Amino acid sequence: MRSRVGDSGPGTVFRGVHARVNGLGDATAIGHRFRNGSFRIPFALCLLAASVGSATRASDFPLRHLAVRDARDLAVWQFRADPQDQGIDEGWADPGHRESRADWAEVRIPAVWDRPPGEVTYPIPRQVGWYRTTAPVPDTWDGEVALAFLGSKYITDVFANGEYLGIHRGGYTPFLFDITPHVRPGSEVEILVRVDNRLPPDGVPKANTGWGIYGGLTREVYLLHRPPVRLENLHVTTDPGDDGSWTVRVRAEAPEDVSEPFAARLFAERRPVASAEGDAADGVLDLELRLEQPRLWSPDNPFLHMLELTWGEERIALPVGIREIRVKGDRILLNGEPVWLQGFGHHESWPRSGPILSFAQRRQDLEAMKEDFGANAVRLGHYPHHPDVFRLCDEIGLLVFTEMPVWQIPAAILHRQEVWESWLDPQITAMAVHLRNHPSVFAWGVFNETWGARAYLIRARDRFREIDPSRPVAAVMDAIKEPWVYGATDFGARNLHYGWYHSPSVYSLREGLARNLEAAEGRPLWVAEMGGRAQPGRLQGGYRDDLRGTEFYQDKTTRFALQYLMSHAPAVSGVSVWTWSDYTRGDRPELHGMLSNAREPKLVTTTAANLMRPEVAVLAVEDDMVVPVGGTYRARIHLFHPRGRPEGPVEVVWRIHRGEAVVADGRIEGEASDGWTTDLGRVDWEVTDAVRRGLHHLLLELRDGDGGRLHTQAVPIEPGPPARPGVLRLAPPPDGRPHWVEVAGMPLRAWPGVGLHIALPRGPVELRTEDWTTTVDIEPARATVVAWPDY
C-alpha cells in the first residue's frame, strides 16, 4: 500500500507539503509556491565544483569549484511521462512502487523529456515527467555523497531511496543535494526525480518567453563523493597594485579543526610562481598570493594560471585568469585599458537537439565567433548557459555577459516577496556563486527588456554586488525606454533594433543613439542587440525597407547599425550582433541568426566578418542606401581602429561600381587620430537619369602610405527603381587563410570559415584570384554557389 497524506511512510513530506501548498488541488500549482525555505538547501551546495585529484578522474567533472574526490556521470535512466500529473496521488515515489518503476522506458540524459539530442521534435510537451535510476555507492566512499544537477527544466523534486530531498526552481543553474543520510557505502541508491516544465504565472522564466521552453533533465546529473572536511564557497579574485604587481586573493568557508594548514600554490605553465598557507579563522580561510608582472588574461592572450589548494590529502585545482574588469567614466576597462567589445548574442539551440549541444558543438560555435569573425565577446541570451561554455570562453578568450532569465516579466510579479524568495534570489545566488571564478565573465545582467521593475533591479543589483563586488552589473533595456536605468547600473546596455522592432527604418538609429548617449550622462553604453531577421534563402527584392525578412534587408540593418555604432566609439563601448544563429522560440523558428540554426551562412556573415575581423577597417555611414533619381548618395567615411591606429598617412580610394563598370571615383587622404575612430571625409554621388537600373556598390579601398592595401568593403546602393539582385556565395578558402578575390573588378576578402557572400546585379561576373579565374552568371533572387577549385 502506498502511504497517504498524513501517513508516516517515505514520501509523506513531499505529498504533504505539496498538498498544503496546493490547497485546492490545482495540479499545475503543485510545487510552485513551495519555497526553498521549507526544505532549505545549504548555501554551500549551490556552489560550483572543482576538480580534486582522484583515481576516477574527478577532474572531468565540469563544475570546478568544489572539493570532489570522485564524480560518476549518471547517464542511463528510466522515464515515465505524467501528462495528467497523477504520479503524486498514485504514490510513484513510494518504496512500494519500486517494482513498477523498473518497467519504465530507458532513456539517456541529457534529454528533452525522453528525446535525446538528434531526436527532439516540436511542440515540446508542457507536462510532468519522472526519471528513475540506480547507482552503486562504493564501500570506499567515507565522505559526503551528493547529487549534482547541471540544470533541470524547471521545477524539480528529488528523492533518494524513497526519501524526499527537496525542490529546485529554475532551469539554468546547477544545484546539489546531500544524500549521505539516505545511502550506505557498498550498497545501491535509487534516485527518483520529478520534473515539471509547466511554468506558473509567477515563474522565472515566464512560460511565454523569448526562447524555447524545454522540459526534463536537459543537462547532466552526477553522483559525487566529496571530502568530509573541505572548503566551501570558494571565491578567487585578482587585483592589481600600483607597481605592476598583482594579488590573488583566495577566500572560502573552511573548518578550523584541520591538523595541517591550508596551502595555496599558483602555477604558470606548471611552474610555481606564488604560494601562501594559513589556517581558517572564525570559519573563513583568507589567503593572499602576490605576483610581480604576471601574465594577464585577456581575449588576445587568454592565459590561465592554475591554483592548487591543499589540506591534508585533499586538493582543489582551479584555473585562474589574472585580470581586472571595472568601469571608469565612459569606458569599460580590462586590465586598466579601455576595451571595445564586439561579438554576438547566442542561444543554446541546435537542430533537432534543442538546448543540448555537445562539448565539440559548443567549441565549434565559440571558436568560429573568435577566429572567423574577430569576436572578443559573447552575450549569452537570456540565461546562464551550460558550464562548458564558461570553461571554453576562459580558454578561448571571449568576454561573457551572462544574465538572469528575466525577460519581459511584469514588474508586479518581480516585486512580490514570495517570487523573490522562491525564484529570483536562489537563481541570482547560484548564478553568481557558480560563475564568479571565471575570468571570462565581465558583467552580470539582471534582466532583458523588463519595464517598470525599479525595485527588482536595485535589489538584484545589490545582491550581485554582495556576492561578487568584482564585476559591474547591468540591465538590458530596449531603445530609449526608461532612461533611469542608466543611473541604477554600472553601465548602459541597450537593444537598438531600429529598422526592426523600434522603427520602420534603420536610419532612425541616429536619433535613438543620440538620445541614449544623452541619457547615459557619461557612462559607458554597450549595445547588447542590433540586427534583423531573415528567412534563410529568401532573396526576393533588394535593400528597400518594405522587404523585411529577406537576407538583403537583414544585411542592410546590420551593416548600417554596425558601422554607425563603430563610428561612435568610444562613446559606444561595444556591439553585440543579434544573434549568432537562428534558434527556437516557443515551438517555432526564430530567424534572427546571422547563420541558420544548422549553421549555414546568410548574406550578412561576410558583412560582419569584414567589419569585425580586420585590425583596421574603413567604414561608410550613408544617409540612405536607397536613392531616387535626382537625389544624391552621401556617406561619411571613417576609420575604425580600436586595436591600435595605423601609423602615418592613409588613403581611401573609392569607386561606384555597376558590375564591372565604374561610374564615379575619387580618393580621400588623411591620418588616423588618437582614439578608436577617425572621420576622414565624405563621398557624394549624384543619381541622374543616366544611371543604369540595378544594384550598385560603393567600393572603398583603404591603403597605407606605401600604397599597401589594408581593407576593402563593397557597400550596396540602390539608385532609382527597385533592384532585383542575386547573391554570390563563394565557399571559404580551403587552406584556412584569407584571400583577395576580385569580384566584378572589386578587390574583396574571402574569409576563412566564412567565404564571400555578396549581392550583385544580374549577369555574368568574373572572379579572379592570384591562382585562378572563373566567370559565373548571377540570376535575380537566386544564390550562385561557387567552390574553390583544386590548385
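Refer to the structure printed above.
Starting from 1, residues in each chain are numbered consecutively following that chain's sequence as written. Only residues with pLDDT of at least 70 are given local features in this predicted model, and only at 80 or more are side-chain atom pairs given and counted; all residues enter the totals for whole chains, interfaces and linings. Water and hydrogen atoms play no part in the side-chain values, which are based on all heavy atoms of the structure.

A.B. asks: I'd like a rundown of helix α9 (residues 509–520), residues and numbers included.
C.D. replies: Along an α-helix, residues three or four apart share an orientation, since each turn contains 3.6 residues. The helix and strand labels rest on DSSP assignments: H or I over at least four residues marks a helix, E over at least two residues marks a strand, and numbering proceeds from the N terminus. To estimate the expected span of a helix, subtract one from its residue number and multiply by 1.5 Å. Taking 1.5 Å per residue, 12 residues should reach 16 Å; α9 reaches 16 Å between its end C-alpha atoms and fits that length. Of the residues flanking the end of α9, it is Glu 521, one or two places downstream, whose phi is positive at about 50 degrees.

A.B. asks: Can you lay out unusual backbone geometry for me, pointing to particular residues and giving the numbers?
C.D. replies: Trans is the common state for peptide bonds, and a negative phi is the common state for residues other than glycine. Residue Val 204 is joined to Pro 205 through a cis peptide bond whose omega torsion reads 10 degrees. Within the fold, Pro 205 resides in the loop between β11 (188–196) and β12 (221–226). Along the chain, Trp 578 connects to Thr 579 via a cis peptide bond; the corresponding omega equals 0 degrees. You can see Thr 579 is positioned in the loop between β32 (572–577) and β33 (583–585). Non-glycine residue Glu 482 carries a positive phi angle of around 50 degrees. At Ala 744, a residue that is not glycine, the phi angle is positive and equals roughly 55 degrees.

A.B. asks: Can you tell me about the pairing of strand β8 (residues 155–160), naming the residues and giving the values?
C.D. replies: Think of it in three bands: residues with accessible area under 20% of the maximum for their type are buried, residues over 50% are exposed, and the middle band is partly exposed, with areas taken using a 1.4 Å probe on protein chains only. Within β8, 6 of the 6 residues are buried, which leaves it mostly tucked inside the rest of the structure. The two faces of β8 match: Ile 155, Asp 157 and Phe 159 on one face and Thr 156, Val 158 and Ala 160 on the other face are all buried. A pair of strands is considered paired only if DSSP assigns at least 2 bridges between the two. Pairing analysis gives 6 bridges linking β8 to strand β9 (residues 163–169), with the strands arranged antiparallel. Its bridge partner being in β9, Thr 156 is matched across the sheet by His 168. With 6 bridges joining them, β8 and β11 adopt antiparallel strand pairing. Bridge pairing links Phe 159 to Leu 192 in β11.

A.B. asks: Now, about the packing of α9 against helix α10 (residues 551–567): what can you tell me, with residues and values included?
C.D. replies: Note on method: axes are straight lines fitted to C-alpha atoms, helices fitted across the in-contact stretch only, with angles between N-to-C directions ranging 0 to 180 degrees. Packing of α9 against α10 leaves a shortest axis separation of 11 Å and a crossing angle of 35 degrees. Regarding α9 and α10, the two cross each other, and that crossing is right-handed. On the side of α9, the interface is formed by Leu 509, Arg 510 and Leu 513, while α10 contributes Phe 560, Ala 561, Tyr 564 and Leu 565. Class assignment of the residues belonging to the contact of α9 with α10 gives a composition of 6 nonpolar, no polar and 1 charged. For any pair of crossing helices, the crossing counts as left-handed if the nearer helix is rotated counterclockwise from the farther one by less than a right angle, and right-handed if it is rotated clockwise. Every residue pair with non-hydrogen atoms within 4.5 Å of one another is taken to be in contact. Residue polarity follows a fixed list, in which Ala, Val, Leu, Ile, Met, Phe, Trp, Tyr, Cys and Pro are nonpolar, Asp, Glu, Lys and Arg are charged, and the others, Gly among them, are polar.

A.B. asks: An account of the packing of aromatic side chains is needed here, citing residue identities and associated values.
C.D. replies: A pair of aromatic rings is counted whenever rings of Phe, Tyr or Trp (Trp by its six-membered ring) have centres within 6.5 Å, and the orientation is called stacked for planes under 30 degrees apart, edge-to-face for over 60 and tilted otherwise. If you walk through the whole model with that rule in mind, you get 34 aromatic pairs. Residues Phe 61 and Tyr 222 carry aromatic rings whose centres are separated by 4.8 Å and whose planes lie at 75 degrees to one another, so their mutual orientation is edge-to-face. You can see Phe 61 sitting in the loop between β1 (50–51) and β2 (67–68) and its partner Tyr 222 sitting in strand β12, a full 161 residues away along the chain. There is no split in this pair, since Phe 61 and Tyr 222 are both buried. Where Trp 130 meets Phe 159, the ring centres are 6.3 Å apart and the plane angle is 25 degrees; that geometry is what we call stacked. In this pair, Trp 130 is assigned in strand β6 (residues 128–136) and Phe 159 in strand β8, connecting sequence segments 29 residues apart. Ring-pair connections join several aromatic residues into one group, and the members of that group are Trp 92, Trp 104, Trp 130, Phe 159 and Tyr 164. Here, over-ring charges are defined by two tests on the NZ atom of lysine or the CZ atom of arginine: distance to the ring centre within 6 Å, and angle to the ring normal within 35 degrees. A cation over an aromatic ring shows up here: Arg 331 above the ring of Trp 676, its NZ or CZ 5.5 Å from the ring centre. The aromatic ring of Trp 740 is capped on one face by Arg 709, whose charged end is 4.7 Å from the ring centroid.

A.B. asks: Summarise the side chain of Arg 658; cite the residues concerned and give the values.
C.D. replies: For Arg 658, the position within the fold is in strand β38 (residues 649–658). Counting rule for charge: Lys and Arg are taken as positive, Asp and Glu as negative, and neither His nor the chain ends is counted. Any carboxyl oxygen of Asp or Glu that lies within 4 Å of a side-chain nitrogen of Lys or Arg is treated as forming a salt bridge with it. It is Glu 660 that comes nearest to the buried, bridge-free Arg 658 among opposite-charge side chains, at 11 Å. N or O atoms within 3.5 Å of each other form a polar contact, as long as, within protein, one can give a hydrogen and the other can take it, and as long as residues adjacent in sequence are counted only when both atoms are side-chain atoms. Within the local environment of Arg 658, its side chain forms a polar contact with the backbone oxygen of Arg 693, the two atoms lying 2.8 Å apart. In this structure Arg 658 touches Arg 692, Arg 693, Gly 694, Leu 695, His 696, Pro 761 and Arg 762, once residues within four positions along its chain are discounted.

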